[in-house]
Amino acid sequence: MDTTIKIMSLVGARPQFIKLAPLARAVDQMNQDPASPNLQHVIIHTGQHYDYGMSDIFFDELGIPHPNINLGVGSGRHGVQTGKMLAGIEEVLIEQQPDLLVIFGDTNSTVAGALAASKLHIPIAHVEAGLRSFNRSMPEEINRIVADHISDILLAPTPTAIQHLQNEGLSDKTISSGDIMYDTVLHNVQLAEKKSEILNGLPVGKGSYAIATCHRAENTNDPQRLRHIFETFNAIAERGTPIVLPLHPRTKNMLPNVLPDWRAHENLFVIEPVGYLDMMQLVHHARLALTDSGGLQKEAFFLNTPCITMRDETEWIETVEAGANIITSADPDRIMEAYKYWMRQEAVDFGEEVQKFFGNADSAGRTLKAILAFLNEKTLSPTI
């Protein structure tokens, strides 16, 4: 009797590659157990992030098998991009006939995969379900809500996420999985220490600099917000705190049009996007993180690096409740006030709070067990 189970993982952007890595390892480990069913793991890359710096390097560094299928969709307006993904994913699902599709996070790839699979009656597991910013002007918020409501297994990373799903009547599909990114950080932090040479090429010392990122549309598409953020970066650099800024392609393209006169302070080091291990090394040894990234807020928390989030809200309210993250919007005064606060603090240790909110770094195993339990129950259930 053939006990092969085909699981398909759908990714398209950097945060999803990071979440895929521990799940891919868990599948490999289970396949080494003779008593377990044989798992065939097929990886689809939509091509949402398509250049080497934003895509291939993460597969190489994290030891993830390169995608079996790459749709090569590329960038574009939300409707155009999502539509191309939907058509491509549907074709792959019809051809491959997986037993279940795993989707990650909140990108256009996530919602396109959810829509395609649901219309073909293919079960869906949503990793990182239940996040809510309660700001529906964010495309990511719409993607989360849609994906959660049409998925069959909701793998919630935190108690807050579980509560959100309960509030929306989705308790019967919800599983407390812990945070899969925590798995990745703990697995790779020592690897980054051994392999990354990023700090050797920068004139900054460990514990002396800030790591910064800015890429969300709410900041990059608003000229005033973008100006406030980048002028504040310069102001912080001028106060003697070096800033390392890996510049996202979206932001790099917007800056000449929105801020043609802006120039980086000599203490602000603008570099190309970096790989995961380099970014982990930069965050691990930073005095402070300034970001509008959801993933970086958590990575900073996991690595005991204080954070300033330049958004109006966060999906990761746990980082704020733990005293590790200050929300400032793009307000220069609030960013500077938060910066001064963190500069007054001694060494921090968020370890107990991390485990309280995000689990014990066993999320990938729990996720895989939940998927297999669901498929087993589905197989045993009588057809009506």
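Residues numbered from 1 in each chain as written. Predicted model: local features only at pLDDT ≥ 70, side-chain atom pairs only at ≥ 80, totals over all residues. Heavy atoms only, no water.

(A) Focus on helix α9 (residues 223-238). Counted at 1.5 Å a residue, the expected span for α9 with its 16 residues is 22 Å, and the 22 Å between its end C-alpha atoms agrees. R225, L226, I229, F230, T232, F233, N234, I236 and A237 are the residues of α9 that are buried. Where α9 begins, the capping side chain belongs to D222, and its oxygen is found 3.0 Å from the backbone nitrogen of Q224. (Helix = DSSP H or I, 4+ residues; strand = E, 2+ residues; numbered from the N terminus. Expected span 1.5 Å × (residues − 1). Buried < 20%, exposed > 50% of the residue type's maximum accessible area, 1.4 Å probe, protein only. Polar contact = N/O pair within 3.5 Å; in protein donor to acceptor, adjacent residues only side chain to side chain.)

(B) Geometry of the packing of aromatic side chains. Under the criterion given, the structure shown has 10 aromatic pairs. Taken together, a centroid distance of 5.6 Å and an interplanar angle of 45° make the contact between F301 and F350 tilted. With F301 in helix α12 (residues 294-302) and F350 in the loop between α14 (332-344) and α15 (351-358), this residue pair connects regions lying 49 residues apart in the sequence. Within the aromatic cluster, the residues linked to one another by ring pairs are Y182, F301, F302, W316, F350 and F358. (Phe/Tyr/Trp six-rings, centres within 6.5 Å; stacked < 30°, edge-to-face > 60°.)

(C) Examining the side chain of T367 more closely. Within the secondary structure, T367 sits in helix α16 (residues 363-380). For T367, the contacting residues outside a window of four places in its chain are L23, V127, L155 and S177. (Contact = heavy atoms within 4.5 Å.)

(D) How the structure looks around the pairing of strand β4 (residues 100-104). Most of β4 is tucked away: 5 of the 5 residues are buried. Neither face of β4 is open: one carries L100, V102 and F104, the other L101 and I103, and all of them are buried. Pairing geometry for strand β1 (residues 5-11) and β4, over 4 bridges, is parallel. In the sheet register, L10 faces β4, and the bridge partner there is I103. (Pairing = 2+ DSSP bridges.)

(E) Inspection of the pattern of salt bridges at higher detail. As enumerated under the stated definition, the model contains 19 salt bridges in all. Residue E218 pairs with R225 through a salt bridge whose shortest N-O separation is 3.9 Å. Take E218: its relative accessible area is 22%, and that puts it in the partly exposed class. Overall, the relative accessible area of 14% leaves R225 in the buried class. For D362, the salt bridge goes to R366, with nearest N and O atoms at 3.5 Å. Classification of D362 as partly exposed rests on a relative accessible area of 35%. (Salt bridge = Lys/Arg side-chain N within 4 Å of Asp/Glu carboxyl O.)

(F) Structural context of helix α4 (residues 108-119). The terminal C-alpha atoms of α4 lie 17 Å apart, and with 12 residues this matches the ideal 16 Å at 1.5 Å per residue to within 8%. By the criterion of burial, α4 is predominantly enclosed, with 9 of the 12 residues buried. The complete set of buried residues in α4 reads N108, S109, T110, V111, A112, G113, A114, A116 and A117. Along its buried surface, α4 packs onto β1, α1 (14-31), α3 (78-96), β4, β5 (124-127) and α5 (139-150).

(G) How the structure looks around the sheet that holds strand β7 (residues 174-176). Spatially, the 7 strands line up as an open sheet ordered β3-β2-β1-β4-β5-β6-β7, and their pairing is parallel. Every other strand in the sheet has two partners, leaving β3 (69-70) and β7 as the edge strands with one partner each.

(H) Layout of the packing of α12 against α15. Interhelical geometry of α12 versus α15 gives an angle of 130° and a closest axis separation of 9 Å. Overall, the two elements α12 and α15 adopt an arrangement that is oblique. Seen from α12, the contacting residues are K298, F301 and F302; seen from α15, they are E353, V354 and F358. When grouped by side-chain class, the residues that make up the contact of α12 with α15 number 4 nonpolar, no polar and 2 charged. (Axes fitted to C-alpha atoms, helices over the stretch in contact; angles between N-to-C directions. Parallel < 35°, antiparallel > 145°, perpendicular 65-115°, else oblique. Nonpolar A, V, L, I, M, F, W, Y, C, P; charged D, E, K, R; others polar.)

(I) Quick peek at the packing of α4 against α5. The interhelical angle for the contact between α4 and α5, taken along N-to-C directions, is 30°, at an axis separation of 9 Å. Overall, the two elements α4 and α5 adopt an arrangement that is roughly parallel. Here α4 runs over α5; the crossing is left-handed. In this structure, α4 uses N108, T110, V111, A114, L115 and S118 to contact α5, whose residues at the interface are N143, V146, A147 and I150. Here the contact of α4 with α5 is built from residues that sort into 6 nonpolar, 4 polar and no charged. (Left-handed = near helix turned anticlockwise from the far one by under 90°.)

(J) Focus on the pairing of strand β6 (residues 153-156). What you see with β6 is no split at all: I153 and L155 on one side and L154 and A156 on the other are buried throughout. The sheet contact formed by β5 and β6 spans 3 bridges and is parallel. In the strand pairing of β6, A125 is matched with I153. For the handedness criterion, the β-α-β arrangement of β5, α5 and β6 is classed as right-handed. Pairing analysis gives 3 bridges linking β6 to β7, with the strands arranged parallel. Bridging from a neighbouring strand, L155 pairs with I175 of β7. What joins β6 to β7 is helix α6 (residues 159-167), and the crossover it makes is right-handed. (Right-handed = clockwise from strand over helix to strand, strands pointing away.)

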